[in-house]
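Each chain, written out:
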Amino acid sequence: MLFRSGARWLNVSILDETQPMWRSAMTDGTMVDQYLAMMAGSPGKFVEAVTLVATSDGPVVFHCAAGKDRTGLIAAFVLSMVGVDDEVIGHDYGLTREVLDVLSARFEARAELEPYRSVLAQRPGWREASRKAMVAEPTTILAVLEHLRAEYGSPEGWLIANGMDSAISAQLRSRFLD
């Protein structure tokens with residue numbers, strides 16, 4: 001039904017390209033480390049996702065498996081670029097906490113099924129890393145935004161430094177604010 005309405009499905013795979021860095025950060029570091037590893041491992045994919053949000057002709061839905069990591073980063077970029085205060089972005093990110101128990105239970109159940117069980121059996125410590133990742137504290141996304149401001153002037157500056165056309169910023173603001 002959705003596709004008959006003219007909707008398009010576009011896949012911008014971020015995790016696949018950053019998995020080795022992401023797994024290491026998830027095991028040995030913090031959630032902030034994990035997010036920075038995702039961004040460092042696949043900056044063009046974040047640029048592509050934000051560009052798609054800015055240039056789409058219709059409504060846009062973006063998501064990932066849990067709706068907090070890749071989705072949270074893209075949402076933070078978009079919200080920051082249209083002028084939303086960091087504290088509001090942090091609050092929005094933190095709302096995911098309301099569903100983390102359900103998401104954790106789904107992940108644990110899926111981990112018992114093939115091919116997941118075989119893949120995860122080759123990753124010692126995956127369960128602990130998964131539990132560590134199943135948090136959505138506003139301070140996490142706020143630390144990422146702070147890092148981007150310190151290093152690039154803004155989240156938008158990070159995107160531009162990684163290949164986003166600066167005209168996309170104006171297009172995004174026009175789309176959501178005009």
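In what follows, the structure referred to is the one given above.
Scope of this entry: the structure provided in the associated data block. (Residues numbered from 1 in each chain as written. Predicted model: local features only at pLDDT ≥ 70, side-chain atom pairs only at ≥ 80, totals over all residues. Heavy atoms only, no water.)

1. As for the overall build of the chain
Inclusion rule: Secondary structure follows DSSP: runs of H or I at least 4 residues long count as helices, runs of E at least 2 residues long count as strands, and numbering of each begins at the N terminus. Computation of the radius of gyration draws on C-alpha atoms, with the globule rule given as 2.2 Å multiplied by the number of residues to the power 0.38. It only takes one pair of heavy atoms within 4.5 Å for two residues to be counted as in contact. Note on areas: Shrake-Rupley, 1.4 Å probe, and residue coverage restricted to the protein chains presented here.
The number of helices and strands found in the chain is 11 helices and zero strands. When its helices and strands are written in sequence order, the chain yields α-α-α-α-α-α-α-α-α-α-α. For a compact globule of 178 residues, the expected C-alpha radius of gyration is about 16 Å, and the chain comes in at 17 Å, within 12% of that figure. Taking the principal axes of its C-alpha atoms as reference, the chain extends roughly 50 × 45 × 30 Å. Look at the contacts in the chain between residues 6 or more apart in sequence, and 73% of them connect residues 24 or more apart. Accessible surface, the chain as shown: approximately 10100 Å² in total, 55% of it carbon and sulfur.

2. Section: the nonpolar core
Condition: Buried Ala, Val, Leu, Ile, Met, Phe, Trp, Tyr and Cys residues that are joined via side-chain atoms within 4.5 Å together make up what is termed a nonpolar core. Burial classes follow relative accessibility: with a 1.4 Å probe on protein chains only, a residue under 20% of its type's maximum area counts as buried, one over 50% as exposed, and anything between as partly exposed.
Counting residues in hydrophobic clusters, the biggest one holds 37 residues, and the most contacted among them are Tyr-35, Met-39, Phe-46, Leu-73, Phe-77 and Leu-159. Secondary structure elements with two or more residues in this core: helix H2 (31–41), helix H3 (43–55), helix H4 (70–81), helix H5 (86–94), helix H6 (100–110), helix H9 (138–152), helix H10 (155–161) and helix H11 (167–177).

3. Describing the packing of aromatic side chains
Applied cut-off: The rule is short: rings of Phe, Tyr and Trp, with Trp giving its six-membered ring, pair when the centres are within 6.5 Å, and they are stacked under 30 degrees, edge-to-face over 60, tilted in between. Counted as over-ring charges are cases with an Arg CZ or a Lys NZ within 6 Å of the ring centre that also lie within 35 degrees of the ring normal.
Overall, the coordinates contain four aromatic pairs when judged by the stated rule. Between Phe-46 and Phe-77 the ring centres are 6.2 Å apart and the planes differ by 55°, which places this aromatic pair in the tilted class. Of this pair, Phe-46 sits in helix H3 while Phe-77 sits in helix H4, and the two are 31 residues apart along the sequence. Taken individually, Phe-46 and Phe-77 each receive the classification buried, so the pair is uniform in this respect. Aromatic rings pair up to connect Phe-46, Phe-77 and Trp-158 into one cluster. Against the face of Tyr-116 rests Arg-110, its NZ or CZ located 5.7 Å from the ring centre.

4. Some points on the pattern of salt bridges
For clarity, the threshold we go by: The working definition used for a salt bridge is a side-chain nitrogen of Lys or Arg within 4 Å of a carboxyl oxygen of Asp or Glu.
Tallying each qualifying case throughout the model produces eight salt bridges. One salt bridge in this structure joins Asp-86 and Arg-149, with 2.5 Å as the shortest N-O distance. Taken as a pair, Asp-86 in helix H5 and Arg-149 in helix H9 lie far apart in primary sequence, 63 residues in all. In this structure Arg-149 comes out as partly exposed when scored by relative accessible area, which is 32%. With its nearest N and O atoms 3.4 Å apart, the salt bridge here joins Glu-114 to Arg-117. A relative accessible area of 42% places Arg-117 in the partly exposed class.

5. Some words on the environment of Thr-55
This is how it is decided: Whenever a nitrogen or oxygen atom comes within 3.5 Å of another N or O atom, the pair is scored as a polar contact, on the condition that within protein one atom can donate a hydrogen and the other can accept it, and that pairs from neighbouring residues in sequence are kept only if both atoms are in side chains.
Among the secondary structure elements, Thr-55 is positioned in helix H3. Between the C-alpha atom of Thr-55 and that of Arg-175, which follows or precedes it by 120 residues, the distance is 8.2 Å. Discounting residues that sit within four places of it in the chain, Thr-55 has contacts with Ile-168 and Gln-171. Polar side-chain contacts of Thr-55 include one of 2.8 Å to the backbone oxygen of Thr-51.

Worth remembering: the numbers are spatial, not functional.
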